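Summary of structural features
For reference, the chains in residue letters:
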Amino acid sequence: MEKIDFLNCDEFKLIKELMGISDEDKTDFTMDIRADDPNLKISPGGITYKGSRVILYIRDQVQYGDKINEYKFHLIECATLKAMRKQNRYDKYVVSTSTTGKFKVNRIINNRSVESEEKLHVCKHCLQKLNRQGYYFTYENFSIEEFFSVMKDDNSGNFSDLPDENDLTAPTNVYPKNWDEISRRLKEKHNYTCQECHRNFSDCKSLLHVHHKNGLKHDCRESNLEVLCYDCHQAKHSHKITRK
Ligand SMILES: [Zn+2]
Ligand SMILES: [Zn+2]
Ligand SMILES: [Zn+2]
């Protein structure tokens, strides 16, 4: 029978992560959480620990050039989340139960994803809103653990709807392998015409791109795609466009 390497199994790593224990720590380790601990719930909808509060953040952080974005994590429904929902960017968020301030992050460069664990900062909009409600949390020394315990009985600021994916289940935000084919077919279907300015690019197909409306490169449902010329495409992004 094959011996199971318990210390390397994903569920175990997850529980360690929830407890804030470093992955390096393989010795002298006692696990106080049992799988039937009522505080620990692992389901397709997400993982909750010690109650229902979770955190939202963008796990897949696409990097363009040398510019490194640092996204923030969110505690309550705030102006940023509202704006992201309006811009159809809300699906980028995943649910996390981290209490350590460290999050699983995929840095995506040239459509390749590098997994890391990064310390993220709290969203200032969330903090302002909480402090207006009479709480007192500071940006620099913000502790998620403290937040969870202070907010234990207050459900007023909960998220209006939760994203479908958590930080472990969400597909990585990269282009699928058959992207060139998908993109070529769609341009053909639209007769090489930009859906925004309606100019025709039959003679200059390389100037025609396919844009993902919600920013998720793996979401290639036709309703999420738009055939755009270079100019119209660039206008939709704040970063310089590198990929068609
Ligand atoms: Zn926020
Ligand atoms: Zn156009
Ligand atoms: Zn685009």
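Everything here concerns the structure above.
Right, let's walk through the structure included here.

Considerations on the coordination of the zinc ion (ligand 2)
Six octahedral donors around a metal ideally make angles of 90 or 180 degrees; four tetrahedral donors ideally make 109.5 degrees. The protein atoms donating to the zinc ion (ligand 2) are Cys194 (SG), Cys197 (SG), Cys229 (SG) and Cys232 (SG), with metal-donor distances spanning 2.3 to 2.4 Å. Around the zinc ion (ligand 2) sit 4 donor atoms; with metal-centred angles ranging over 100 to 119 degrees, the donor geometry is tetrahedral. Of note, the donors binding the zinc ion (ligand 2) are all from one chain and are spaced C-x2-C-x31-C-x2-C. Residue cysteine 194 is classed as buried on the basis of its relative accessible area of 0%. The class of cysteine 197 is partly exposed, set by a relative accessible area of 29%.

Brief notes about the coordination of the zinc ion (ligand 1)
At this site the zinc ion (ligand 1) is bound by His74 (ND1), Cys78 (SG), Cys123 (SG) and Cys126 (SG), with donor distances of 2.0 to 2.4 Å. Every donor counted, the 4 donor atoms about the zinc ion (ligand 1) form angles of 102 to 115 degrees at the centre, which fits tetrahedral coordination. Linear spacing of the donor residues for the zinc ion (ligand 1) on their chain is H-x3-C-x44-C-x2-C. Linking histidine 74 in the loop between β4 (60-62) and α2 (79-86) with cysteine 123 in the loop between β7 (112-119) and α3 (124-132), this pair joins segments that are 49 residues apart in sequence. You can call cysteine 123 buried: its relative accessible area is 4%.

Points about the environment of aspartate 203
Within the secondary structure layout, aspartate 203 lies in the loop between α5 (179-189) and β8 (208-212). For the pair aspartate 203 and tyrosine 192, spaced 11 residues apart in sequence, the C-alpha separation works out to 8.9 Å.

Quick look at the sheet that holds strand β6 (residues 102-109)
Read across the sheet, 3 strands follow the order β4-β6-β7 without closing on themselves; strand pairing throughout is mixed. This sheet does not close on itself; its edge strands, each paired only once, are β4 and β7. Neighbouring strand axes in the sheet, compared pairwise and without regard to direction, differ in orientation by 35 degrees on average. For β6 and β7, the ladder comprises 8 bridges, and the chain directions are antiparallel. Along β7, the bridge assignment pairs asparagine 106 with glutamate 115.

A short note on the nonpolar core
One finds Phe73, Leu75, Phe103, Phe142 and Phe147 to be the most contacted residues of the largest nonpolar core, which totals 31 residues. Those elements that place two or more of their residues in this core are β3 (55-58), α2, β5 (93-96), β6, α3 and α4 (144-150). Examining the composition of this core, we find that 4 residues originate from one element, β3, more than from any other.

Observations regarding the packing of aromatic side chains
Under the defined criterion, the tally for this structure stands at 8 aromatic pairs. Judged by centre distance (5.7 Å) and plane angle (65 degrees), the rings of phenylalanine 137 and phenylalanine 142 are edge-to-face. For phenylalanine 137, a relative accessible area of 6% translates into the label buried. By relative accessible area, phenylalanine 142 is classed as buried at 14%. Pairing tyrosine 175 with tryptophan 179 gives two aromatic rings, centres 5.4 Å apart and planes at 45 degrees, and the pair type is tilted. Take tyrosine 175: its relative accessible area is 13%, and that puts it in the buried class. Positioned over the ring face of tyrosine 139 is lysine 124, at 4.3 Å from the centre of the ring. In this structure, lysine 205 is placed above the aromatic ring of tyrosine 192, and the distance from its NZ or CZ to the ring centre is 4.5 Å.

Reading guide: rules and limits
- Residues numbered from 1 in each chain as written.
- Chains lettered and ligands numbered in written order.
- Predicted model: local features only at pLDDT ≥ 70, side-chain atom pairs only at ≥ 80, totals over all residues.
- Heavy atoms only, no water.
- Donors = N, O, S within 2.8 Å, 3.2 Å for Na, K, Ca; no water.
- Tetrahedral: all angles 85-135°; square planar, octahedral: opposite > 155°, others 65-115°.
- Buried < 20%, exposed > 50% of the residue type's maximum accessible area, 1.4 Å probe, protein only.
- Helix = DSSP H or I, 4+ residues; strand = E, 2+ residues; numbered from the N terminus.
- Pairing = 2+ DSSP bridges.
- Axes fitted to C-alpha atoms, helices over the stretch in contact; angles between N-to-C directions.
- Core = buried A, V, L, I, M, F, W, Y, C linked by side-chain atoms within 4.5 Å.
- Phe/Tyr/Trp six-rings, centres within 6.5 Å; stacked < 30°, edge-to-face > 60°.
- Lys NZ or Arg CZ within 6 Å of the ring centre and 35° of its normal.

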